[in-house]
Amino acid sequence: MVHSGAHEMNRLTRLLLCGLGAVFMGMNAMAAPPRLDNPDAVEALVDGIVNPLMKNNNSPSGSVAIARNGQLIFAKGYGFQDVGKQIPVDPYKTMFRPGSTSKLFTWVSVMQLAEQGKLDLDADVNTYLQTFKIKDTFDEPITLRHIMTHTAGFEDGALGYLIIDDPAKAIPLADAMEKYQPLRVNPPGTHTAYSNYATALAGLIIANVSGLSFTDYIQRNIFEPLGMNNSSFVEPLPENLAQQMAVSYSVELGGLVEKPFEIITSFAPAGALSSTATDMVMFGQAILNGGELNGSRILRQETVNEMLTRNFSHDERLMGMALGFYEDDYNGFRVVGHGGDTQWFHSFLGIDQANNLTYFVSFGGPGGSAVRSSLIPALYQEFFPREEAPPVPPEDFSKRAGQYAGSYGFWRSNFSTIEKAMRSLSSVQVVPTEDNTLVISFSGKAKQYAEVENNLFREVDSGISMVPGLSPRLVAFQEDDRGEVTGFVMDGLPFMSLRKLPFYETMNFNASLLGFSVLVFLLVLLRRFYQRKAIHSWPAADRSATAAAVYAAAANWLVLVAFAIVISIVKDRMFSEIPLLFKLWLVLPILATLAGIWLLYRSYGAWKDRLLGDVWARVRFSIVTLCALFMCWFYFYWNILGFQYFS
């Protein structure tokens, strides 16, 4: 094993290796790529990618470990475990929060118990629940196979309870699964929708069947056999490990601000792990080796084979879901693994069977996502380059391009609580172009795709990713029985399919009418201000009707202004609790809705009694009323009306 991060290399050697970074940047295209088995070449490349990205994205800490052919060929820490104390990251000791990469330990535990005949992957999960049951919304029961392929059909949810700051507020796993049971929105096995709840439910089943707590089960059956001595699901960390934890940081006003250790205890199987890069690579090596590492076996070879076999895909031409592990394509090589994000850490564990390669990366801070997402593709482009001619768009594509156009939303979203209002912010736009391609845009960034097969599109170039970590090479659209496009799935994101949105859920519809309504309300308030003296001479009925319009306009403006103020105050506290200030704000949409209903009544009276002087005045009054009614619908449809959240 090579401990590449333990010692600084000779300065002259570093200067000689700098040229290797130029290969990646395209400045030395004629040079042959360095061998992956050469630790110095790996370090030069990783340094050249990681150091500037961490600096440019305000990522304070990072850790990278790579193993090949059973040997650790690279392990290095970047930045500081504690910025204030200037403690450098040690890849062997510094612990990061792998987030959802933790799920792989839950899935291995499920397979261990299935291997022992204690669990049936295709049995109704209610068979294994003791204190509550999953609601029978659909005829088909949910199974562990559905859960492991993220096709259980649950809505998503997290606000106020998934990641908290105060350990005292955590509740036992069984209680959390009963209290936070989400709505079932799809029959199992139909659509992929990533689910933290479903994973945590699997963890509860592990505890129920094994007779151990989830954390004890993992400790005894995975950590100890593999020698993962710097890993734990316990929160807060045990005293002997707490000093090794990388400090959490956010970026505020351009500087790093320390944040509390994130508590995921109530959903521990979905993301509560703390671990080092080298421990995570040992786990990956055990899977790559067929369930064994250094003489200790955690799974049989045939079980690992079953686990890493594709079990679900919306389109077989794309990567899909194995059992818990998901597939990705890096330059033509199938990689199975899992990414993970907490609020402050961003990680990925990958297993490349073809190249006998395992790697783990984790970076801190909100900007760590950009570093994590850039490193692995760059490694493959350097050590396993692939040149692929761009696709040629069919000349007749314009004839069928219209069927793909529209707004799409992830099935991984909320339908029953106030979190529903957030899903309009994550819609994906598909727009045909004049050159027979599609432009798919997300969060202000876009990529161009050309049709290569029926309903299958490939990126025209490998330019800017739509979002960090989301740069799909292939996109496959789905049709219903009538041949109408209903959604699509992206390569590398097999656990989150998308659906085509009805017009009233699109950003364009909501933003346009919201913006128009806010403008109308502003004009009402300005008009009332400038007429404040003349209004006293108006007939009483006209004054009353005008007052109703002013109240509705003011109430809706108050909703928006107060929301901006409240969110600026509570900030990321919304992820750990629903603050009292936010609960008080929720009273305002109720008042605005009541004002809108009152305005509707006054508008009826204005036409009935011919108030406000003339027809055009009543038309203007009706426009204000329609805007107020739109706001009533907006609050109602997006679950902003009332107190719709888990408390």
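Analysis parameters
- Sequence order as written defines the numbering, with residues in each chain counted from 1.
- For a predicted model such as this one, the threshold for reporting local features is a pLDDT of at least 70, and the threshold for listing and counting side-chain atom pairs is 80 or more; totals across whole chains, interfaces and linings nevertheless cover every residue.
- Calculation of side-chain values draws on the structure's entire complement of heavy atoms; hydrogens and water are dropped beforehand.
- For this document, the term salt bridge refers to a Lys or Arg side-chain nitrogen within 4 Å of an Asp or Glu carboxyl oxygen.
- Secondary structure counts use DSSP, requiring at least four H or I residues in a row for a helix and at least two E residues in a row for a strand, with both numbered from the N terminus.
- Partly exposed residues are those whose accessible area sits between 20% and 50% of the maximum for their type, while under 20% is buried and over 50% is exposed, using a 1.4 Å probe and protein chains only.
- One less than the residue count of a helix, multiplied by 1.5 Å, gives the span that helix is expected to have.
- Residues are treated as being in contact if the distance between any of their heavy atoms lies within 4.5 Å.
- At least two DSSP bridges between two strands are required for those strands to pair.
- For every element, the axis is a line fit to its C-alpha atoms; helices are fit only across the contacting stretch, and the angle between N-to-C directions ranges from 0 to 180 degrees.
- Within 3.5 Å is the distance limit for a polar contact, defined as a pair of N or O atoms, with the added protein rule that one can donate a hydrogen and the other accept it, and that residues adjacent in sequence qualify only through two side-chain atoms.

Peer 1: Outline the pattern of salt bridges, supporting the account with residue identities and numerical values.
Peer 2: By the definition in use, this model includes 26 salt bridges. Here Asp156 makes a salt bridge to Arg412, at a shortest N to O gap of 3.2 Å. Of this pair, Asp156 sits in the loop between helix 4 (144-148) and helix 5 (173-179) while Arg412 sits in the loop between strand 12 (406-410) and strand 13 (428-432), and the two are 256 residues apart along the sequence. Overall, Arg412 belongs to the partly exposed group, its relative accessible area being 26%. Overlapping salt bridges bring together Arg310, Glu316, Glu327 and Arg334 as one network.

Peer 1: Describe helix 16 (residues 587-608), naming the residues involved and giving the relevant values.
Peer 2: For helix 16, built from 22 residues, the straight-helix expectation of 32 Å at 1.5 Å per residue is met to within 8% by its first-to-last C-alpha distance of 32 Å. For helix 16, every residue scored as buried is listed here: Leu588, Pro589, Ala592, Thr593, Ala595, Gly596, Leu599, Arg602, Ser603, Gly605 and Ala606. Tucked inside the fold, the buried residues of helix 16 contact helix 14 (540-570), helix 15 (580-585) and helix 17 (615-637). Of the residues trailing helix 16, Arg610 is marked for its positive phi of about 55°.

Peer 1: An account of the sheet that holds strand 14 (residues 438-442) is needed here, citing residue identities and associated values.
Peer 2: Spatial strand order, 12-13-14-15-16-17-18-19: eight strands in a closed barrel with antiparallel pairing. The average undirected angle you get between the axes of adjacent strands in this sheet is 30°. Direction of pairing for strand 15 (residues 445-453) relative to strand 16 (residues 456-459): antiparallel, over a ladder of four bridges. Along strand 16, the bridge assignment pairs Glu453 with Leu456.

Peer 1: Please give an account of helix 6 (residues 196-210) that cites residues and values.
Peer 2: The terminal C-alpha atoms of helix 6, which comprises 15 residues, lie 21 Å apart, in line with the 21 Å expected from a rise of 1.5 Å per residue. Burial of helix 6 is extensive: twelve of the 15 residues sit out of reach of the surface. Looking only at helix 6, the buried set comprises Asn196, Tyr197, Ala198, Thr199, Ala200, Leu201, Ala202, Gly203, Leu204, Ile205, Ile206 and Ala207. For helix 6, the side-chain oxygen to backbone nitrogen distance between the N-cap and Tyr197 is 3.5 Å, and the N-cap itself is Ser195. Where helix 6 ends, the next residue or the one after it, Gly211, has phi of about 80°, a positive value.

Peer 1: Go over unusual backbone geometry with me, naming the residues and quoting the values.
Peer 2: Here the bond from Glu235 into Pro236 is cis, since omega is -15°, no more than 30 degrees from zero. For Pro236, the position within the fold is in the loop between helix 7 (214-226) and helix 8 (239-242). In the Ramachandran plot, Asn436 falls in the positive-phi region, its phi being about 65° despite a non-glycine side chain.

Peer 1: Go over the environment of Val392, please, and point to the residues and values.
Peer 2: Tracing the sequence through the fold places Val392 in the loop between helix 12 (368-383) and strand 12. When the C-alpha atoms of Val392 and Asp572 are compared, they prove to be 45 Å apart, with 180 residues separating the residues in sequence.

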